[in-house]
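Tertiary structure, described
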Protein chains: 4
Amino acid sequence: MQRKPIGKTRWAIAEGYIPAWSSSDRRELVSHETACLLNAGDREAHVAITIFYAEREPSGPYEVTVAPGRTLHLRFNELRDPEPIPPGTDFSSVIESDVPIVVQHTRLDSRASDLALMTTAAYGE
Amino acid sequence: MQRKPIGKTRWAIAEGYIPAWSSSDRRELVSHETACLLNAGDREAHVAITIFYAEREPSGPYEVTVAPGRTLHLRFNELRDPEPIPPGTDFSSVIESDVPIVVQHTRLDSRASDLALMTTAAYGE
Amino acid sequence: MQRKPIGKTRWAIAEGYIPAWSSSDRRELVSHETACLLNAGDREAHVAITIFYAEREPSGPYEVTVAPGRTLHLRFNELRDPEPIPPGTDFSSVIESDVPIVVQHTRLDSRASDLALMTTAAYGE
Amino acid sequence: MQRKPIGKTRWAIAEGYIPAWSSSDRRELVSHETACLLNAGDREAHVAITIFYAEREPSGPYEVTVAPGRTLHLRFNELRDPEPIPPGTDFSSVIESDVPIVVQHTRLDSRASDLALMTTAAYGE
């Protein structure tokens, strides 16, 4: 099975916002803001995330590990250490890894009775 | 008619998720996760797709061919060989071609009574 | 006023699909597939668009002009020469300009009673 | 805390459109068109935005400042100087900064009773 790395080691997502409520409490339908992290290579990825706010100091690093040949769809909603990200608040993130990864940003918003979705490749360099 | 290739030969889509149900059974409204593959050149593109999961080994290659001067809007839902991708499961994909192609990722989610859509250019290198 | 060009001269949008119906006949709510073309420079942009299909020969060129310092939000639905693009059909596009432009792809889908939207920067090179 | 800059100094968003009405008057649900600007570095970012229209001269510069280590989710709807951007009108934007920033484009459309969302990384160079 293929284990050739792809991606970059430094990414940014300028958009960031956790909708403050949801019309469903099923986990797959709860409003969420996600960074999808793909580690296609053969070495573990040690990832550090910094959260930037509009009116306070940045927070982090939030540290996660992505095993070789695995993907992690990380919900910003579920980050706890060093502190939760408050819902209903504008933020951005910088995502740094010690090996190349690919990062994509997705939001599911279920505040209304129907769903809204958006996604984009993150900015990598 | 133009036959000048455009694109890259290695792409990744870090997001991947097939919604587990649909509010319609019309094919165009069934929830789907798609990789749009454009082969603008004059040689057949032999494409190999590897699927990465959160908690198991990658799967593939899924092999498809895109004729010269053609597009293929490939639904991940409909891949069968070597195995179907389970719905409701986080995944990522790496898409490799022997000639340059352009890849874009789109999801249509019809779990609610109305539609949600999202799209992004894939990450190429 | 600024007239410094930005962008590239060759772009591709691998996704393409004109929803076959709409829940409204107001122009701004009719389902549409759009290429937004920004010409930030001081020379007229002569743009040629080629449409690629899944199962037939490419079609085009569709020719449009974008004046210096202007934007054109071009609806694929409204292209007529050399032929309309059929709704409900998978396609891709290659967009070529004689001066640098920036291209972004947007779809508004109003087949359901509510709206769905998606957008992405096109792939440029 | 990390203060390493990321990004580019010149960005374009070819899409631009402020939906002309909303189904809610709560600020977070009012239809809006946003440029998210991340300044991850340690110097203030002085940002100048030029708005391009389909049938009139460009307008600007709209000037905003993003503090070091801060994000600004700027609603085009709320720009006033030198003039508001009319709703229901096609536009594009070029965003220039004196230090590297990252730019992402997002629209929330609440014209229907439910929400539609779209986002993309802007085009940077």
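Presented here is an overview of the structure given in this document. (Residues numbered from 1 in each chain as written. Chains lettered and ligands numbered in written order. Predicted model: local features only at pLDDT ≥ 70, side-chain atom pairs only at ≥ 80, totals over all residues.)

1. Concerning the overall build of chain A
Along chain A, the regular secondary structure elements total zero helices and eight strands. The order of helices and strands in chain A, counted from the N terminus, is β-β-β-β-β-β-β-β. Along the longest, intermediate and shortest principal axes, the C-alpha atoms of chain A span 40 × 35 × 25 Å. Expressed as a percentage of its 125 residues, the buried residues of chain A come to 52%. Look at the contacts in chain A between residues 6 or more apart in sequence, and 71% of them connect residues 24 or more apart. (Helix = DSSP H or I, 4+ residues; strand = E, 2+ residues; numbered from the N terminus. Buried ≥ 20, exposed ≤ 12 C-beta atoms within 10 Å, placed from the backbone. Contact = placed C-beta atoms within 7 Å.)

2. Remarks on the interface of chain A and chain B
Across the contact, 26 residues belong to chain A and 30 residues belong to chain B. Considering each element in turn, the side of chain A that touches chain B owes the most residues, six residues, to strand β7 (residues 116-121) of chain A.

3. Describing the relation of the copies chain B and chain C
When chain B is fitted onto chain C, the two copies agree to an RMSD of 0.0 Å after a turn of 90° and an axial shift of 0.0 Å. A rotation of that kind, with that shift, is consistent with a four-fold axis. (Least-squares fit on C-alpha atoms with pLDDT ≥ 70 in both.)

4. Describing the pairing of strand β1 (residues 8-13) of chain D
The side chains of a regular strand alternate, first on one face of the sheet and then on the other. Residue and element names in this part refer to chain D. Examined bridge by bridge, β1 and strand β6 (residues 91-109) share five bridges and lie antiparallel to one another. Along β6, the bridge assignment pairs R10 with E96. By the bridge criterion, two bridges tie β1 to strand β8 (residues 123-124) in an arrangement that is antiparallel. Residue W11 lies in a different strand from β8, and its bridge partner there is G124. (Pairing = 2+ DSSP bridges.)

5. Re unusual backbone geometry
Going from G60 of chain B to P61 of chain B, the amide bond is cis rather than trans, its omega being 0°. Looking at the element boundaries, P61 of chain B is found in strand β4 (residues 59-66).

6. As for the interface of chain B and chain C
Tallying the contact residues gives 26 residues for chain B and 30 residues for chain C. Among the elements of the structure, β2 (32-39), β5 (70-75), β6 (91-109) and β7 (116-121) of chain B are those that each provide at least two residues to the side of chain B that touches chain C. For the side of chain B that touches chain C, the element with the highest residue contribution is β7 of chain B, accounting for six residues. Considered class by class, the residues forming the side of chain B that touches chain C number 14 nonpolar, nine polar and three charged. (Nonpolar A, V, L, I, M, F, W, Y, C, P; charged D, E, K, R; others polar.)

7. Notes on the environment of S113 of chain B
With respect to the helices and strands, the residue S113 of chain B is situated in the loop between β6 and β7. Sequence spacing of S113 of chain B and S22 of chain B is 91 residues, and the spatial spacing of their C-alpha atoms is 8.4 Å.

8. Section: the environment of S113 of chain A
Exposure remark for S113 of chain A: the 14 C-beta atoms within 10 Å place this residue in the partly exposed category. Placed 90 residues apart in sequence, S113 of chain A and S23 of chain A show a C-alpha to C-alpha distance of 5.7 Å. Contact partners of S113 of chain A, with chain neighbours within four places excluded, come to S23 of chain A together with D114 of chain D.

9. Some words on the environment of N77 of chain A
All names here are of chain A. Positionally, N77 belongs in the loop between β5 (70-75) and β6 (91-109). By C-beta crowding, N77 is classed as partly exposed, having 16 other C-beta atoms within 10 Å. Along the sequence, N77 and T106 sit 29 residues apart, while their C-alpha atoms lie 12 Å from each other. Those residues in contact with N77 that lie beyond four places of it in its chain are I18, H32 and E33.

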